[in-house]
Amino acid sequence: MSRTIEAAGGIVYRIRPYANTPQTPILDSVTLPESNPRIQQHNANASIDGYANATNDNAATSASNTADSDNADDINMLTTHDTDVIDRESAASTGDSSQIADISPTPNTATGLDSEEEHDSNSSETTHPQYSSQYSAQMPTPILRHHNWYQPSDSVEQSLADRIELCVVHRPKYDDWSWPKGKLEPNETHRHAAVREMGEETGVPVVLGPILGAIEYPMDSEGRHVRRSGGKTGKTKHVVYWMARPIDEASNSRRFAALGPVLPADISEIDEVAWVSIRQARKLLSHPLDRDILDLFVDRIEEGAVESECVLMVRHGKAESRKQWAGTDADRPITPKGAAAAYALNRELACFNPTRLVTSPWVRCAQTLQVLSWQTGIPMQFAEALTEDAFDEQPEESWDCFLKEVESALASSETTAICMHRPVIGGMVNHLRDMCVSKAVARQLVPSSPYMPTGTAIALFIVQTPQGPSVVDIQKVTPLVY
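Worth saying up front: this structure is predicted, and the values here are computed from it rather than measured.

Asks: Could you give me a rundown of the overall build of the protein chain, with the residues and numbers involved?
Replies: Looking only at helices and strands, one finds 16 helices and 14 strands in the protein chain. Each of the 482 residues in the protein chain was classed as buried or not, and the buried ones make up 55%. Within the protein chain, contacts between residues separated by at least 24 positions form 78% of all contacts whose residues are at least 6 apart in sequence. Summed over its atoms, the accessible surface of the protein chain is roughly 21100 Å², and 49% of this surface lies on carbon and sulfur atoms.

Asks: Just give me the short version of the pattern of salt bridges, but keep the residues and values in it.
Replies: Side-chain pairs of opposite charge can arise whenever the charged atoms involved come near each other. A full pass over the atoms with the stated rule returns 17 salt bridges. Note that E165 and R14 form a salt bridge whose closest N and O atoms lie 2.9 Å from each other. Residue E165 is found in strand 3 (residues 164-171), and its partner R14 is found in strand 1 (residues 3-15); the two are separated by 151 residues along the sequence. Residue E165 is classed as buried on the basis of its relative accessible area, which comes to 0%. Taking the shortest distance from any N to any O, the salt bridge between R364 and E388 comes out at 2.8 Å. With R364 in helix 12 (residues 363-376) and E388 in helix 13 (residues 388-393), the pair connects residues that are 24 residues apart, well separated along the chain. Each member of the pair R364 and E388 is classed as buried. The network of salt bridges with shared partners includes E185, E188, R196, E197 and E200.

Asks: Describe the environment of V363, with residues and values.
Replies: Among the secondary structure elements, V363 is positioned in helix 12. With 47 residues separating them along the chain, V363 and H316 place their C-alpha atoms 9.6 Å apart. With sequence-adjacent residues up to four places away left out, V363 is seen in contact with A330, D331, R332 and P333.

Asks: Any chance you could break down the packing of helix 14 (residues 395-412) against helix 15 (residues 422-435) for me, citing the residues and the numbers?
Replies: In the contact formed by helix 14 and helix 15, the axes pass within 10 Å of each other and the chain directions differ by 55°. Considering the angle they form, helix 14 stands oblique to helix 15. Our pair here, helix 14 against helix 15, has a crossing hand that is right-handed. Facing helix 14, whose interface residues are E396, S398, W399 and F402, helix 15 presents M428, H431, L432 and M435. Its residues placed into classes, the contact of helix 14 with helix 15 shows five nonpolar, two polar and one charged.

Asks: I'd like to hear about the packing of aromatic side chains, residue by residue, with values.
Replies: Within this structure, the stated rule accounts for three aromatic pairs. With a centroid separation of 6.1 Å and 55° between ring planes, the pair formed by F352 and F461 is classed as tilted. In this pair, F352 is assigned in the loop between helix 11 (336-349) and strand 10 (356-359) and F461 in strand 13 (residues 457-465), connecting sequence segments 109 residues apart. Directly above the aromatic system of W275 lies the positively charged group of R14, at a separation of 3.8 Å from the ring centroid.

Asks: Give me the sheet that holds strand 13: which residues, what numbers.
Replies: Spatially, six strands are ordered 11-10-12-9-13-14 in an open sheet, and the strand pairing comes out mixed. A single partner strand is all that each edge strand has here, and the edge strands are strand 11 (380-382) and strand 14 (468-477). Direction aside, the axes of adjacent strands within the sheet are offset by 25° on average. Sheet topology places strand 9 (residues 309-315) next to strand 12 (residues 416-420); five bridges connect them, and they run parallel. Residue V311 lies in a different strand from strand 12, and its bridge partner there is T416. The strands that helix 12 touches are strand 9, strand 10, strand 11 and strand 12; relative to strand 10, the one it contacts most, it runs at about 165°. In the packing of helix 14 onto the sheet, the strands contacted are strand 9, strand 10, strand 12, strand 13 and strand 14, and the crossing angle to strand 9 comes to about 145°.

Asks: Explain the packing of helix 11 against helix 12 to me, using residue names and the numbers behind them.
Replies: Orientation of helix 11 relative to helix 12, taken along the N-to-C sense of each, is 50°, at an axis distance of 8 Å. With respect to their mutual orientation, helix 11 and helix 12 come out oblique. Read as a crossing pair, helix 11 and helix 12 show a hand that is right-handed. For the pair helix 11 and helix 12, contact is made by A342, Y343, N346 and L349 and by T368, L369, V371, L372 and Q375, respectively. Class assignment for the residues of the contact of helix 11 with helix 12 results in six nonpolar, three polar and no charged.

About the thresholds
- Residues numbered from 1 in each chain as written.
- Predicted model: local features only at pLDDT ≥ 70, side-chain atom pairs only at ≥ 80, totals over all residues.
- Heavy atoms only, no water.
- Helix = DSSP H or I, 4+ residues; strand = E, 2+ residues; numbered from the N terminus.
- Buried < 20%, exposed > 50% of the residue type's maximum accessible area, 1.4 Å probe, protein only.
- Contact = heavy atoms within 4.5 Å.
- Areas by Shrake-Rupley, 256 points an atom, 1.4 Å probe, with all protein chains shown as cover.
- Salt bridge = Lys/Arg side-chain N within 4 Å of Asp/Glu carboxyl O.
- Axes fitted to C-alpha atoms, helices over the stretch in contact; angles between N-to-C directions.
- Parallel < 35°, antiparallel > 145°, perpendicular 65-115°, else oblique.
- Left-handed = near helix turned anticlockwise from the far one by under 90°.
- Nonpolar A, V, L, I, M, F, W, Y, C, P; charged D, E, K, R; others polar.
- Phe/Tyr/Trp six-rings, centres within 6.5 Å; stacked < 30°, edge-to-face > 60°.
- Lys NZ or Arg CZ within 6 Å of the ring centre and 35° of its normal.
- Pairing = 2+ DSSP bridges.

Listed below in structure tokens is the structure:
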């Protein structure tokens, strides 16, 4: 009898500054170049097995064969075996704060924040006041010391692909290099598992981006350098992959109550982490299926998805029936079932790290985002143009309001969640379908009522083009209510 094990993960990436741009370290670090014995052994094995020479016949080839300099060929390693690793448990037990690494926020090239805007991870400003005393001690501390960007190439013209670094992890059990991933926990979505697993295995808090795709393989091929195996055990693993970007510790702390804890992976599970170029990743990855996911990532680069911003379109939780409600329609609240869905939805929305909450001022919409606002300390912004009455009278003004939020998200690199009513969502969908980069993407927006179920969301990943905003990826976000 066959059995499928569900898992999720992704490609964590960051964009290096242009050549000759002053760089700010993320954390104190060590560098292990390709002279590292583990890298030498991997390269030797790769030559024997022949899988290091795998290339893509499509546009991925030109994007991955970047003109990095010799310095850029050095693989920057992060290892928990190095002498610079901090034993945080012993440091905490002895109270020796000098042993705790300085966990400065991610630099502005990855987060979009100026240094003046970033907060110290231990500041009370980074945690919602209702959670500061209860949860601050539970916040995970990275066990890996992160290395700064390695030296960019000296070429005059650098493509975006040249400046992208990808995070790969080493699994000592299989002695392989792969993308961070892991199995779903009980009552967990693929989306949440991806954020949790990438955070656990890389030591870097992440926010989800566009989806890449999924692979499936027999469990008896786990850790083997082959594309397929016989599947004698009858068990298969299905893994869904996302793109993901690092976020700073202030943002991670703010979303903690909504997302939940992300604890570092055990040393027996992940013992090394490396930030490498696209070309280096193709050589270093041990498995053909992982290189297939890399090809999908390169395709996303060509769409501009690595620089996309997220707008979350939320439909309010299930509301009391109009027939049974004696008050005004604007005051009609969500039901207990709707409240449960709204609460569960917060956990999913936190995977995208919304930093701006916009809602129709009517009660059922405000109540849907109210708990997320309380958990994160982010105030709700009320938009009168997004009420049902306003849309019925001036639908174009409602669209203008929505479009301004989209443009603001693109300009500020700020993920925005917008809660609306079913008729308003229908009007937005009609416009959004024309903004999609392809018909395949547009088909993910249902053109007829009810457009999306109550208590759910749609994640829109949008890029700015000369013709205006363009939607490159759409994800349906459905919570698990249990």
